[in-house]
Amino acid sequence: MKPFTYDQLPSRIVFAPGALSQVGDEVQRLGAERVMVVHDAMTRGSADAVAAQLGGRLALRWDEVAQHVPVELADRARAAASQHAIDAIVTIGGGSSTGLAKALALSHRVPVLAVPTTYAGSEQTTIYGLTGGQHKQTGKDPIVLPRVVVYDPELTLGLPPSVTGPSAFNALAHAVEALWAPGCNPVTSALALEGVRAIAGSLPRAMANGTDVDARGDLLYGAALSGMALGSTAAGLHHKICHVLGGRFNLVHADAHSVILPHALAFNAPVLPDEMARLADALGVRGEEPAGALWDLAVASSVPTRLADLKGSEGPLRRDQLAGAADAAAPEISVNPRPVTRDDVLGILERAFDGTRPSV
Ligand code: NAD
């Protein structure tokens, strides 16, 4: 038995089809009286339902959100929050909505209740991110961890396949890296492996039929566990590369995760034989290489597998942009099971750009 320490993050989970109807009661439990509801265009209907539950407790609705939380957007939302003297935030949506709620919690020191509608997992972490210019700054603060998370698989039935697949890969990336990231321990590994098992078992079913509520529930459960695993460990090589790609080129966050994951995994696999064996087991491919198996799952789920296919704010990513991204990412990778140089990062990016099946 290996000795370990584990900081369990304090958060309440309500998980059920139809659980959206419990948000009002949960807000009352928090004792909040002036609630700011954050949502995006796709979750407006759910926000309407929550607003009706809140009645006089609703202080403000905010529907402008953006990936990676641009600082100017956070500043405007923060000014509105101050003007309305909010004492809690309810966020309904994906990682972008949760991210804005976290930025608000950071400045206003108020509790967050999160209703996640993608598989981003941000609702289970103390990590916040803000982007100014081309640089995404991340940090950790316990105040941004949602005090309550209401998971309602019914809210995800309308997620299009183009969001479902990459978002599930975002969750897989959290679980996979948590197996060796700084802070990993037997508890985080148990969460991560169960997360991988749940996602690998349900993603093909959810992609085949988006309204399969059981598959959606399993996927959301897997994403929640993967988020917890990330929340108690630290971002590693894969995440650092994705953050640089997101901040520099404004790529769709989840798409970048699905493309990079098999290649970042293939780089570390040779020095992690035990973790690879357990991961292969959880993926249901015992004896195979997980990097190749994840690439196969991505192809089978019609998830992006080539950086060359991803578009940023300046159009499709170009091969000549990879060197600059490697320069930016390499210094951010302080801990990795295998020594990693700037040229190693460039190699991962180049293989991801071509998107061929990784071999270890
Ligand atoms: P997102 O929130 O932008 O959602 C992706 C798309 O799905 C959007 O177009 C959104 O409108 C749509 N959508 C959301 N819910 C829907 C629904 N119920 N039905 C139909 N469409 C719906 O993106 P995301 O991938 O969920 O999150 C990405 C962001 O989260 C990034 O900024 C990333 O950095 C952050 N993130 C943070 C953490 C953390 O721990 N801090 C972890 C993971 C991701």
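Residues numbered from 1 in each chain as written. Predicted model: local features only at pLDDT ≥ 70, side-chain atom pairs only at ≥ 80, totals over all residues. Heavy atoms only, no water.

1. Topic: the domain arrangement of the chain
(1) Moving on: Per the domain assignment, the segments of the chain are domain 1 (12-156) and domain 2 (161-354).
(2) Moving on: Taken over C-alpha atoms, the centre of domain 1 sits 25 Å from the centre of domain 2.
(3) Moving on: Tallying the contact residues gives 23 residues for domain 1 and 30 residues for domain 2.
(4) Moving on: For the pair domain 1 and domain 2, the summed buried surface comes to about 2100 Å²; carbon and sulfur atoms form 63% of the total. (Domains from an automatic or database assignment. Contact = heavy atoms within 4.5 Å. Buried area = accessible area lost by both parts, 1.4 Å probe.)

2. Comments concerning the packing of helix α10 (residues 273-283) against helix α11 (residues 290-300)
(1) Moving on: For the pair α10 and α11, the least separation of the axes is 9 Å and the interaxial angle reads 30 degrees. The orientation of α10 with respect to α11, classified from their angle, is roughly parallel. Note on packing geometry: the crossing formed by α10 with α11 is left-handed. On α11, the residues touching Met276, Leu279, Ala280 and Leu283 of α10 are Pro290, Ala293 and Leu294.
(2) Moving on: Across the contact of α10 with α11, the residue classes break down as seven nonpolar, no polar and no charged. (Axes fitted to C-alpha atoms, helices over the stretch in contact; angles between N-to-C directions. Helix = DSSP H or I, 4+ residues; strand = E, 2+ residues; numbered from the N terminus. Parallel < 35°, antiparallel > 145°, perpendicular 65-115°, else oblique. Left-handed = near helix turned anticlockwise from the far one by under 90°. Nonpolar A, V, L, I, M, F, W, Y, C, P; charged D, E, K, R; others polar.)

3. Let's talk about the environment of Pro153
(1) Moving on: Mapping Pro153 onto the fold places it in the loop between β8 (148-151) and α5 (161-178).
(2) Moving on: For Pro153, a relative accessible area of 1% corresponds to the buried category.
(3) Moving on: Between the C-alpha atoms of Pro153 and Leu220, which are 67 residues apart in sequence, the distance is 6.7 Å. (Buried < 20%, exposed > 50% of the residue type's maximum accessible area, 1.4 Å probe, protein only.)

4. Here we look at unusual backbone geometry
(1) Moving on: In this model, His68 sits at a positive phi of 65 degrees, which is unusual for a non-glycine residue.
(2) Moving on: Within the secondary structure layout, His68 lies in the loop between β3 (58-62) and α3 (71-83).
(3) Moving on: Given a relative accessible area of 9%, His68 falls into the buried group.
(4) Moving on: Despite not being glycine, Asn250 shows a phi value in the positive range, around 55 degrees.
(5) Moving on: Counting through the fold element by element, Asn250 comes out in the loop between α8 (237-249) and α9 (253-268).

5. Things to note about the pairing of strand β6 (residues 127-132)
(1) Moving on: One ladder, built from six bridges, connects β6 with strand β7 (residues 135-140); its direction is antiparallel. From the neighbouring strand, Gly132 faces β7, where its bridge partner is His135.
(2) Moving on: Where β6 hands over to β7, the hairpin turn is made up of two residues, of which Gly133 adopts a positive phi near 60 degrees. (Pairing = 2+ DSSP bridges.)

6. With respect to α9
(1) Moving on: If you check α9, its first and last C-alpha atoms are 22 Å apart, about what 16 residues at 1.5 Å a residue would give, namely 22 Å.
(2) Moving on: At Ile260, α9 shows its maximal bend, which comes to roughly 40 degrees, and the proline Pro262 appears one to four places after that position.
(3) Moving on: Within α9, 16 of the 16 residues are buried, leaving the element largely enclosed by the surrounding structure. (Expected span 1.5 Å × (residues − 1). Bend = angle between axes of the 7 residues up to and from the residue.)

7. Some words on the packing of aromatic side chains
(1) Moving on: In the structure shown here, the tally under the stated rule is one aromatic pair.
(2) Moving on: Judged by centre distance (5.2 Å) and plane angle (25 degrees), the rings of Phe15 and Tyr151 are stacked. Here the residue Phe15 occupies a position in strand β1 (residues 12-15), and Tyr151 occupies one in strand β8, the gap between them amounting to 136 residues.
(3) Moving on: Residue classification places Phe15 among the partly exposed positions, given a relative accessible area of 32%.
(4) Moving on: Given a relative accessible area of 0%, Tyr151 falls into the buried group. (Phe/Tyr/Trp six-rings, centres within 6.5 Å; stacked < 30°, edge-to-face > 60°.)

8. A closer look at the packing of α9 against helix α13 (residues 342-354)
(1) Moving on: Look at α9 against α13: their axes get within 9 Å of each other, and the N-to-C directions meet at 135 degrees. Comparing their axes, α13 and α9 come out oblique. When the axes of α9 and α13 are compared, the crossing they make is right-handed. Contact residues: α9 offers Val259, Ile260, His263, Ala264 and Phe267, while α13 offers Asp344, Ile348, Leu349, Arg351 and Ala352.
(2) Moving on: Each residue belonging to the contact of α9 with α13 can be placed in one class, and the counts come to seven nonpolar, one polar and two charged.

9. A look at the state of the cysteines
(1) Moving on: Enumeration according to the criterion identifies zero disulfides in this entry.
(2) Moving on: Between Cys184, a free cysteine, and Cys242, which holds the nearest cysteine sulfur, the sulfur-to-sulfur gap is 19 Å.
(3) Moving on: Here Cys242 falls in the buried class, since its relative accessible area comes to 2%. (Disulfide = S-S within 2.5 Å.)

10. Details of the site of the ligand
(1) Moving on: Around the ligand, a shell composed of 23 residues is seen, among which Asp40, Ser96, Thr118, Thr125 and Lys136 lie nearest.
(2) Moving on: The separation between a nitrogen atom of the ligand and a polar side-chain atom of Ser122 is 3.4 Å.
(3) Moving on: Take Ile127: an N or O atom from its main chain is 2.9 Å from a nitrogen atom of the ligand.
(4) Moving on: For the ligand, the accessible surface in isolation is 860 Å², of which the surrounding protein chains cover 84%.
(5) Moving on: Secondary-structure elements contributing two or more residues to the shell around the ligand are α4 (95-108) and α5.
(6) Moving on: When the residues that make up the shell around the ligand are grouped by side-chain class, the tally is six nonpolar, 14 polar and three charged.
(7) Moving on: When residues of the shell around the ligand are sorted by domain, at least three fall in each of domain 1 (12-156) and domain 2 (161-354). (Near = heavy atom within 4 Å. Polar contact = N/O pair within 3.5 Å; in protein donor to acceptor, adjacent residues only side chain to side chain. Areas by Shrake-Rupley, 256 points an atom, 1.4 Å probe, with all protein chains shown as cover.)

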